[in-house]
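Here are the chains, one letter per residue:
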Amino acid sequence: MKTFVALALLSLVCVEGWLFNDDAEWNDLKVTWGLNQLFSSTVFDSLPRTESDALADGWVDFSRGASCDGDYYRGSRYIKDNDPAVMLLFDDNGFIAGIQMGARITELPAGIPAAQVMNMWNYDGDMVVITAYFQEPASVCTGRSDAHFTLHGTGVGLYLQNGPTPETDYELIPRDEVDIGATAWTKGGCFYTMGQHYWYNTSASMDCDDFFPVFLLYNSGRLNGFGFDINADLNSPRYEKPALESLSAFFQDQDTPACFAQSIQKGLTTIHIYMDDSPSFNFC
Ligand SMILES: *[C@@H]1O[C@H](CO)[C@@H](O)[C@H](O)[C@H]1NC(C)=O
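With an unreviewed UniProt entry as reference, the chain is termed Hypp1813 protein, source organism Branchiostoma lanceolatum.

Attention now moves to the overall build of the chain. Scanning the chain from terminus to terminus reveals seven helices and 15 strands. In terms of principal-axis extent, the alpha carbons of the chain reach across some 45 × 45 × 35 Å. Excluding contacts between residues fewer than 6 apart, the proportion of contacts in the chain whose partners are at least 24 apart in sequence is 64%. Summed over its atoms, the accessible surface of the chain is roughly 12200 Å², and 52% of this surface lies on carbon and sulfur atoms. Within the chain, the 38 negative side-chain charges are centred at a point lying 4 Å from the centre of the 15 positive side-chain charges.

Read across the open sheet, the seven strands follow the order 2-1-15-14-13-12-11; overall the sheet is antiparallel. Unpaired on one side and paired on the other, strand 2 (45-46) and strand 11 (185-191) mark the two borders of the sheet. Relative to strand 15 (residues 269-274), strand 14 (residues 222-230) runs antiparallel, the two being bridged by six bridges. Considered in strand 15, the bridge of glycine 227 is made with histidine 272.

Attention now moves to the pairing of strand 15. Among the six residues that make up strand 15, six are buried, leaving the element largely enclosed by the rest of the structure. Here strand 15 shows two buried faces, one formed by Thr269, Ile271 and Ile273 and the other by Thr270, His272 and Tyr274.

Note on placement: tryptophan 199 falls in strand 12 (residues 195-200). On the basis of relative accessibility, which here comes to 1%, the residue tryptophan 199 falls in the buried class. Not counting chain neighbours up to four residues away, the residues in contact with tryptophan 199 comprise Ala184, Trp185, Thr186, Gly188, Phe211, Phe215, Asp229, Phe250 and Phe251.

What follows concerns the packing of aromatic side chains. In the structure shown here, the tally under the stated rule is 21 aromatic pairs. Relative to phenylalanine 149, the ring of phenylalanine 95 has its centre 4.7 Å away and its plane inclined at 25°; by these criteria the two rings are stacked. Residue phenylalanine 95 is located in the loop between strand 5 (83-90) and strand 6 (96-104), and its partner phenylalanine 149 is located in helix 4 (residues 146-152); the two are separated by 54 residues in the primary sequence. Across the pair, phenylalanine 149 and phenylalanine 95 agree in class, each one buried. Linked through ring pairs, Trp199, Phe211, Phe215, Phe250, Phe251 and Phe260 together constitute an aromatic cluster. Here the guanidinium or amino end of arginine 175 rests over the ring plane of tryptophan 26, the centre of that ring lying 3.8 Å away.

Moving on, we get to the pattern of salt bridges. A side chain of one charge can pair with a side chain of the opposite charge when the charged atoms of the two come close. All told, the structure shown has eleven salt bridges when counted by the stated rule. A salt bridge links lysine 241 to aspartate 233, with the shortest nitrogen-to-oxygen separation between them at 2.7 Å.

Here the focus is the state of the cysteines. Here the structure, examined in full by the defined rule, presents three disulfides. Note on cysteine connectivity: cysteine 68 is disulfide-linked to cysteine 141, with sulfurs 2.2 Å apart. Given an S-S torsion of about -95°, the disulfide between cysteine 68 and cysteine 141 has left-handed geometry. Placement of the pair is cysteine 68 in the loop between strand 3 (60-61) and strand 4 (76-80) and cysteine 141 in the loop between strand 8 (127-133) and helix 4, with a sequence separation of 73 residues.

Mapping proline 213 onto the fold places it in the loop between strand 12 and strand 13 (214-219). By relative accessible area, which is 1% here, proline 213 ends up buried. On a C-alpha basis, the gap between proline 213 and serine 248 in space is 19 Å, while along the polypeptide they are 35 residues apart. Once residues lying within four places of it in the same chain are set aside, the contact partners of proline 213 are Val117, Met120, Trp121, Ile130, Gly227, Phe228 and Asp229.

Let us now look at unusual backbone geometry. Of note, the amide linkage connecting isoleucine 112 to proline 113 takes the cis form, showing an omega dihedral of -5°. Structurally, proline 113 is set in the loop between strand 6 and strand 7 (121-124). Positive phi, normally seen in glycine, also occurs at threonine 32, with a value near 80°. Along the chain, threonine 32 turns up in the loop between strand 1 (30-31) and strand 2.

On to the pairing of strand 8. Within a regular strand, the side chains alternate between the two sheet faces. With seven of seven residues buried, strand 8 is to be regarded as a mostly interior element. Residues Met127, Val129, Thr131 and Tyr133 of strand 8 are buried on one face, and the alternating residues Val128, Ile130 and Ala132, pointing to the opposite face, are buried as well. Bridging between strand 6 and strand 8 involves seven bridges; their strand directions are antiparallel. If you follow glycine 102 over to strand 8, its bridge partner there is valine 129. As paired strands, strand 7 and strand 8 are joined by four bridges and run antiparallel to one another. From the neighbouring strand, tyrosine 123 faces strand 8, where its bridge partner is valine 128. From the end of strand 7 to the start of strand 8, which pair antiparallel, there are two residues, and glycine 125 there has a positive phi angle of about 60°. Pairing between strand 8 and strand 9 (residues 158-161): two bridges, direction antiparallel.

Criteria and cut-off values
- Here the residue index of a chain counts from 1 through its sequence in written order.
- Selection of residues for local features in this predicted model requires a pLDDT of at least 70, selection of side-chain atom pairs for listing and counting requires 80 or more, and totals for whole chains, interfaces and linings are taken over all residues.
- The basis for every side-chain value is the complete set of heavy atoms in the structure, and neither hydrogens nor water enter the calculation.
- What counts as a helix is a DSSP run of H or I of at least four residues, what counts as a strand is a run of E of at least two, and both are numbered from the N terminus.
- Only heavy atoms matter for contacts: two residues are in contact if any of them lie within 4.5 Å across the pair.
- Areas reported as accessible are Shrake-Rupley estimates using a 1.4 Å probe. Residue values count occlusion only from the protein chains shown.
- The charge count includes Lys and Arg as positive and Asp and Glu as negative, but it does not include His or the ends of the chains.
- Where a charge sits is defined by one atom per residue type, namely NZ (Lys), CZ (Arg), CG (Asp) or CD (Glu).
- Strands are labelled as partners when DSSP assigns at least two bridges between them.
- Residue burial is assigned from relative accessible area. The probe radius is 1.4 Å, only protein chains are included, and a residue is buried under 20% of its type maximum, exposed over 50%, and partly exposed in between.
- In this scheme Phe, Tyr and Trp rings, the latter by its six-membered ring, pair at centre separations within 6.5 Å, and the angle between planes marks the pair as stacked below 30 degrees, edge-to-face above 60, and tilted otherwise.
- Two conditions define a charge located above a ring, namely a distance within 6 Å from the ring centre to NZ of Lys or CZ of Arg, and an angle within 35 degrees of the ring normal.
- Note on definitions: salt bridges are taken to be side-chain nitrogens of Lys or Arg within 4 Å of carboxyl oxygens of Asp or Glu.
- We call a pair of cysteine sulfur atoms a disulfide whenever their separation is within 2.5 Å.

Quick look at the structure:
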């Protein structure tokens, strides 16, 4: 606990930075949770939100010949260091539209992703890929205006793609935590600097093959992040490997899936994604 307080205080030194950022609620796009954010370049790494910034930062086009609406996802896709752990989607005007995680099939154990959650993944050459958008998928190939980007920042909502057709196969996640209570999402654990987790339809007796590959993060009652997970030991500096001791950060005790400890032992990969610039202030 002392570590978190110390980190929060240290972060205050940088507070000036965010006061001068744009005022959008989703004013950043950061990936990878970790405790050593001051010393690690991958922890809470801020990703480019325009195509021009991405190009300047070493991201390269990874559309593999597909046009904006040419495949199971929408947008121009970019990758960095040939690492599919994080791929960025930009709309037709070069503004951030979404994010993907790809897993190379050769690196996956047999039967992963399980059939029960395969609707969330799409085959993409040598990978399976999961996709989330920050604007309505049908609008990506039109693109946002400068004014829209200034006003809404990273986007207007979290749209989880759950099938092969982006325009129709998605779930829009409520921005307010009060509205997630009425759904099958289950309130999980709270962890300072991570936030209040929600998992899809988890329970103590569930089968971990059903473990949904997306989780949500609310802070101060508002959606400010989410994450992907997969039952595989994938290799990327962007990925997190939850330890057994971290279960209470993820779940409420009585709801901790009994199978989850075994998932961790077999290899579980997660990645936290934040749409604002101050995840170190995530006090749930
Ligand atoms: C939730 O999970 C249970 C099994 O643990 C299943 O029977 C039920 O259909 C699921 N509900 C939804 C909405 O997915």
